[in-house]
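# Inside the fold
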2 protein chains.
Amino acid sequence: MRSDTKKKGVLYLVPTVLAPDTSGHIPPVVKLAISECQHFIVESLKLSRRHIKKLVPAKVIDNCTFMELNEHTDSVDYSDYLEPATNGHNICLLSDAGSPAIADPGAVIVRLAHRQGIRVVPLSGPSSILLALMASGFDGQQFHFHGYLSRDQSKRKNQLRAMEQQANKKGVTQIFMETPYRNRALLEDLLRVLNPHTQVALAVDLTSHRELVKCHSVGHWKKLTDLDLHKKPCIFMIGV
Amino acid sequence: MRSDTKKKGVLYLVPTVLAPDTSGHIPPVVKLAISECQHFIVESLKLSRRHIKKLVPAKVIDNCTFMELNEHTDSVDYSDYLEPATNGHNICLLSDAGSPAIADPGAVIVRLAHRQGIRVVPLSGPSSILLALMASGFDGQQFHFHGYLSRDQSKRKNQLRAMEQQANKKGVTQIFMETPYRNRALLEDLLRVLNPHTQVALAVDLTSHRELVKCHSVGHWKKLTDLDLHKKPCIFMIGV
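Residues numbered from 1 in each chain as written. Chains lettered and ligands numbered in written order. Predicted model: local features only at pLDDT ≥ 70, side-chain atom pairs only at ≥ 80, totals over all residues. Heavy atoms only, no water.

### Description of the environment of Gln165(A)
Residues and elements named next belong to chain A. Condition: Each helix is a run of DSSP H or I of at least 4 residues and each strand a run of E of at least 2, with the numbering of both proceeding from the N terminus. Only protein chains enter the accessibility calculation, which uses a 1.4 Å probe; a residue whose area is less than 20% of its type maximum is buried, one above 50% is exposed, and one in between is partly exposed.
Turning to its location among the elements, Gln165 is positioned in helix α7 (residues 153–170). What makes Gln165 partly exposed here is its relative accessible area of 44%. Put simply, Gln165 and Gly239 are 74 residues apart on the chain and 9.8 Å apart in space, counted from C-alpha to C-alpha.

### Digging into the pattern of salt bridges
The following threshold applies: For salt bridges, the criterion is a side-chain nitrogen of Lys or Arg within 4 Å of an Asp or Glu carboxyl oxygen.
Under the definition given, this model contains 16 salt bridges over all chains. Arg156(A) is the partner of Asp189(A) in a salt bridge, and the nearest nitrogen-oxygen pair spans 2.8 Å. Of this pair, Asp189(A) sits in helix α8 (residues 183–193) while Arg156(A) sits in helix α7, and the two are 33 residues apart along the sequence. Judged by its relative accessible area of 0%, Asp189(A) is buried. With a shortest N-O distance of 3.0 Å, Asp21(B) and Lys54(B) are connected by a salt bridge. Pair noted here: Asp21(B) is in the loop between β1 (10–14) and α2 (28–35) and Lys54(B) is in helix α3 (residues 45–55), with a separation of 33 residues, a long-range link. Neither Asp21(B) nor Lys54(B) differs from the other in exposure class; each is exposed. Connected via shared salt-bridge partners are Arg156(A), Glu178(A), Arg182(A), Asp189(A) and Arg192(A).

### Remarks on the relation of the copies chain A and chain B
Superposing the two chain copies requires a rotation about an axis and a translation along that axis. What counts here: We place the copies in one frame by least squares, fitting the C-alpha atoms of every residue whose pLDDT is at least 70 in both.
Once chain A has been moved 0.0 Å along the axis and rotated by 180 degrees, it coincides with chain B to within an RMSD of 0.0 Å. Read as a symmetry element, the transformation amounts to a two-fold axis.

### Description of the sheet that holds strand β2 (residues 39–42) of chain A
Residue and element names in this part refer to chain A. The condition that has to hold: Think of it this way: DSSP has to see at least two bridges between two strands before they count as a pair. The angle between two axes is taken between their N-to-C directions and runs from 0 to 180 degrees, where each axis is a line fitted to C-alpha atoms and a helix contributes only its stretch in contact. Here a residue-residue contact requires only that any non-hydrogen atoms of the pair lie within 4.5 Å.
Strand order in the open sheet formed by five strands is β3-β2-β4-β1-β5, with parallel pairing between adjacent strands. Looking at strand neighbours, the two that pair on one side only are β3 (65–68) and β5 (119–122), the edges of this open sheet. Taking the axes of each pair of neighbouring strands and ignoring which way they run, one obtains an average angle of 25 degrees across the sheet. Strand contacts of helix α3 (residues 45–55): β2, β3 and β4 (91–94), with the helix running at about 140 degrees to β3, the strand carrying the most contacts. The strands touched by helix α5 (residues 107–115) are β1 (10–14), β2, β4 and β5; relative to β1, the strand with the most contacts, the crossing angle is about 155 degrees.

### Structural notes on the sheet that holds strand β9 (residues 212–217) of chain A
Pairing in this open sheet of 10 strands is mixed, and the strands run β9(A)-β8(A)-β10(A)-β7(A)-β6(A)-β6(B)-β7(B)-β10(B)-β8(B)-β9(B) from one edge to the other. Only two strands of the sheet have a single partner each, and these edge strands are β9 of chain A together with β9 (212–217) of chain B. The average angle at which neighbouring strand axes cross in this sheet is 15 degrees, direction not considered. In the packing of helix α6 (residues 128–136) of chain A onto the sheet, contacts are made with β6 (143–148), β7 (173–177), β8 (199–204), β9 and β10 (234–239) of chain A together with β6 (143–148) of chain B, and the angle to β10(A) comes to roughly 45 degrees. Taken strand by strand, helix α7 (residues 153–170) of chain B contacts β6, β7 (173–177) and β10 (234–239) of chain B, and its axis lies near 55 degrees from that of β10(B).

### Digging into the environment of Gln159(A)
Locating Gln159(A) in the fold gives a position in helix α7. Once the C-alpha coordinates of Gln159(A) and Leu149(A) are considered, the two residues, 10 residues apart in sequence, prove to be 7.4 Å apart.

### Observations regarding the interface of chain A and chain B
Note the cut-off: When two parts are brought into contact, each loses some accessible area as probed by a 1.4 Å sphere; the total of that loss over both is the buried area. Definition of a polar contact: a pair of N or O atoms within 3.5 Å, with one able to donate and the other able to accept a hydrogen when the atoms are protein atoms, and with sequence-neighbouring residues admitted only if both atoms are side-chain atoms.
Taken together, the contact between chain A and chain B spans 50 residues of the former and 50 residues of the latter. Taken over both partners, the interface formed by chain A and chain B buries close to 4,000 Å², and the fraction arising from carbon and sulfur atoms is 60%. At the junction of chain A with chain B, the criterion picks out zero salt bridges. Where chain A packs against chain B, one counts 14 residue pairs in polar contact (both at pLDDT 80 or more). Broken down by secondary-structure element, the contributors of at least two residues to the side of chain A that touches chain B are α2 (28–36), α5, β5, α6, β6 and β9 of chain A. The greatest single-element share of the side of chain A that touches chain B, amounting to seven residues, is contributed by α6(A).

Nothing here speaks to function; it is geometry throughout.
Rendered as structure tokens:
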């Protein structure tokens, strides 16, 4: 009886910076949640500890518990992860960059929280997808985020052609990404496959001092041969 | 010559609060941009002035210029709007709630800025779409935002069925919205049309003290007869 009536903690979804030294993009609600929380579910221990220490320098990290959630923890039974909340303590869920559960780990924990009747509270903050879309100038009334495209080149070319159709004929802005060291290869495919008049926007190094957001026709992008995307976080968009 | 070599101003894309008294969701970069800016492009004068005054109380609003961008200004020649930036002054672009140019006015100005070689700088902050998706627990690796569905009921039902397919068969989370006073009607359509096992999430009054984020099967939603969505901002989602 007692455990049923006990007030449960909250699961905060906590965005983190996209680039070093950009904590100006983190709102007060995030600092507050981190300050008041002792339990963290994180994508990687090292980055999260550093991030928390930077945002809330007074935080005593050694008093906190950390549980990891990433591609190496697939076989873990995550149901234990929410035990602190069941016992009345708040939990912060963080990914390594940007907003958790969006193109990043986290959704599995959020689903569990809903199932266990734990309140889920999303906090505002950086999201490279949203920032890229806002800054592209493309239609933001309808958009489709595809995540990573296929690694098979012929499938990927078909995906690019299908996205071009959706953008040009239906006005649905298409958003996608690539592992940073493959950015150049994706851009080259894109420039080979798409119509020269199709509009493409790239958003690179968002929020950092090297941030670059450009929108050009495919024909124009082909002329920009000195563009350096290598190992830089980049969001690709096709739109009107 | 002189005007060509003069340093241009920047167009800041500035998110605003989703609910009254939630400035804790606004990051320092937004306050800084508003503090340092004298030129504003806004969805509505009254709300924006109030918002700016609340965020930066020391701001002398009467020294600022405001240009309106909304459904009533369609015939206006927006190219003048960016003149301050051409003359070296920064401009802030704000919508009434959330992130500009996403399910809100703004994209037309961003496109103009790109064409005129004015740097576009997106700032982090509240976006009901992103917050809803994070908190839904649905797959955030692929998602499609549809904006408003058709007002024609039979078309809308077809859209709902097509979205259900995309969610259940392809794993693409479907996100959509409705004018708040029609929320209940949309929910009723949705519950009539979709399979009882299909998962639906609603995010209502995000960031406010009345915030509610729930994810249930259609069958379960049908039993929640006391749900009050009337005139409340709500994001609808179908997902897995």
